[in-house]
Amino acid sequence: MKLSQLSLFIQNQPGAIAEPCRILAENNINIYTMTLAETNDYGVLRLIVKEWQKARDVLAKAGFTANLTDVVAVKVPNQPGGLAEVLEKMGKIGINVVYMYAFVSNLQDAAVIIFRFDKTEEVIKQLTEASISIVNAETLFS
Amino acid sequence: MNNHSTAFNPASAMDFLPREQLEKVQLERLQAIVKRAYDNVALFRKRMEERNLSPSDIKSLKDISKLPFSVKADLRDTYPYGLFASPLKDIVRLHASSGTTGKPIVVAYTKEDMQVWTSVMVRTFAAAGLSNSDIVQNAFGYGLFTGGLGAHGGLEALGAAVIPISGGNTERQIMVLKDFGVTGICCTPSYFIHLLDKAEEAGISMKELPLKVGVFGAEPWTDAMRKRIELDAGIKAFDIYGLSEIIGPGVATECHAHSGLHVFEDHFYPEIINPETCEVLPDGEEGELVLSTLSKQAMPMLRYRTRDITVIEKGECPCGRTIRRIRRISRRSDDMIIIRGVNVFPSQIETALLAVEGTLPHYNIILTREQGLDNIEVDVEVTEELFSDKISGLEELRKKLSSAIEHIIGIRVKVKLVAPRTIPRSEGKAKRVIDKRNME
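Residues numbered from 1 in each chain as written. Chains lettered and ligands numbered in written order. Predicted model: local features only at pLDDT ≥ 70, side-chain atom pairs only at ≥ 80, totals over all residues.

Participant: Would you mind going over the sheet that holds strand β20 (residues 414-418) of chain B in detail, with residue names and values included?
Facilitator: Residues and elements named next belong to chain B. The strand order across the open sheet built from four strands is β20-β19-β18-β21, with neighbouring strands paired in mixed fashion. Because the sheet does not close on itself, it has two edges, and the strands there are β20 and β21 (433-435). Sheet twist, expressed as the average angle between the axes of neighbouring strands with direction ignored, equals 25 degrees. Note that strand β18 (residues 363-370) and strand β19 (residues 373-381) share eight bridges and pair antiparallel. Among the inter-strand pairings, Asn364 is bridged to a residue of β19, identified as Asp379. Each of β19 and β20 touches helix α11 (residues 391-409); the most contacted strand, β20, lies at about 135 degrees to it. (Pairing = 2+ DSSP bridges. Helix = DSSP H or I, 4+ residues; strand = E, 2+ residues; numbered from the N terminus. Axes fitted to C-alpha atoms, helices over the stretch in contact; angles between N-to-C directions. Contact = placed C-beta atoms within 7 Å.)

Participant: I'd like to hear about unusual backbone geometry, residue by residue, with values.
Facilitator: Residues and elements named next belong to chain B. Here the bond from Tyr79 into Pro80 is cis, since omega is -5 degrees, no more than 30 degrees from zero. Summarising the element assignment, Pro80 is placed in the loop between α4 (72-77) and β1 (91-98). We note that His258 has phi near 50 degrees; this positive angle belongs to a residue other than glycine. With respect to the secondary-structure elements, His258 resides in the loop between β8 (248-254) and β9 (261-263). Taking the C-beta count within 10 Å as the criterion, His258 has 17 such neighbours and is therefore assigned partly exposed. (Buried ≥ 20, exposed ≤ 12 C-beta atoms within 10 Å, placed from the backbone.)

Participant: Before we move on, can you summarise the interface of chain B and chain A with the specific residues and values?
Facilitator: Counting from both sides, the interface comprises 14 residues of chain B and, opposite them, 14 residues of chain A. With three residues, the top contributor of residues to the side of chain B that touches chain A is β20 of chain B. Of the residues assigned to the side of chain B that touches chain A, the class counts are seven nonpolar, two polar and five charged. (Nonpolar A, V, L, I, M, F, W, Y, C, P; charged D, E, K, R; others polar.)

Right under this line is the structure:
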């Protein structure tokens, strides 16, 4: 049910994000979605790719600090209040969101949001019990 | 200001002793201190015995070269009180400064030592032209650091009105400087430049103030800095030299000739050695400064290797002092960094990084000088083991590293996380310190 997100340490300097993207391109790996968190000195680039293991290996080989992080793709009704409702449910159960970002979805009438939680396995159970629908990798990358 | 510089302070008499008489005093004191060290300090005794030396072998000043050297590690290895030659009941003061690992080094003074320290500081300030009619702002740090209290004792004995303001709080420093009619100041040269800049920003011209003398030390500085200070502040700037292991400030000082620092040779015997071969070099040749305390009771140091590279100047100083001069310290024979008067070794930073990370990451120490203040930044490569996709996780790591380093070296550092492979690798001994401090 969970996905692997590729997390990369990026130094804050011109061209720093382009380099890993070029390496992925050369290995024919498509980036589905991404987000960048930044500080004054560095950033963390988080990528969703289909071939995460291969992506990690080629980046690590190129000398990048790259980790795989467990994340969860959640289906959210594509209408006003859709996201609010899902987040309120999570809040009530006591699920804390570490960070989240949008996925470019090909689903009808639904958006997909990538969530990073602590204790991912436990949260997945709680989400299922609360009838929050999780999108698996096959659906996501189809 | 002329009447100040020419006024003779009786404490300075020893500065002008004929060489022959001075050397007689030195030999008597050397013989007594070697005996004291041999009789009371196990380490010195052991080292002398290993060389089949006894105190009676010191028959002339030249015989000092028979004695074994001592080094900073000796203070660490005998931490805290192992080199004391006096019982604790005779100790009246303890100071400490950073050592090469987590532990500081401890130095001690008896009542007699305090008198000596005070007298060499009086001679220091007298050489700078200060007297009992001066008001002196002492902006050296008060505390375990020898700078603040060392200068304080000398100023008080000189009869000057001493303002024990200690370091920091620039706005208050400038207010006091202006309102109290301060005529002399002691601090690090870089801090004084900071004060100059801040005063200017506040619309205060230091030149218009009564301030006329600055006594600067505890970090390396250049003649270019002196020129700037003298020109912009309208004062005379003096370089002083000292180290806790020997006494603190008060080992050597400049006179009005500004052509080297006179070593108070009646208390501290200087030698210059080749740092590689340890061979003693004649006056005029550059090498490592080695100092022996001639009168220190609580903690005699025999042939202490300062790691400071200098020259004992040949010839007489125009000021008439007979005590010899060392050239301004420009560099060191080890990798010690002096920052805001604090001694920092890269090995201390390694200890801290190792403690947090478990393994030693690639790192660089970058020194910069901003607005007259020295800053230290440690760049650390983020390894896969420590990397977190969460900014909070990385920031926590950064803070952990920063506080571990601060805990060991005693000053705040900026830790910057950098990507792997961004710190240059070098063949052999890595160059860990990048000194970008512009001394101009």
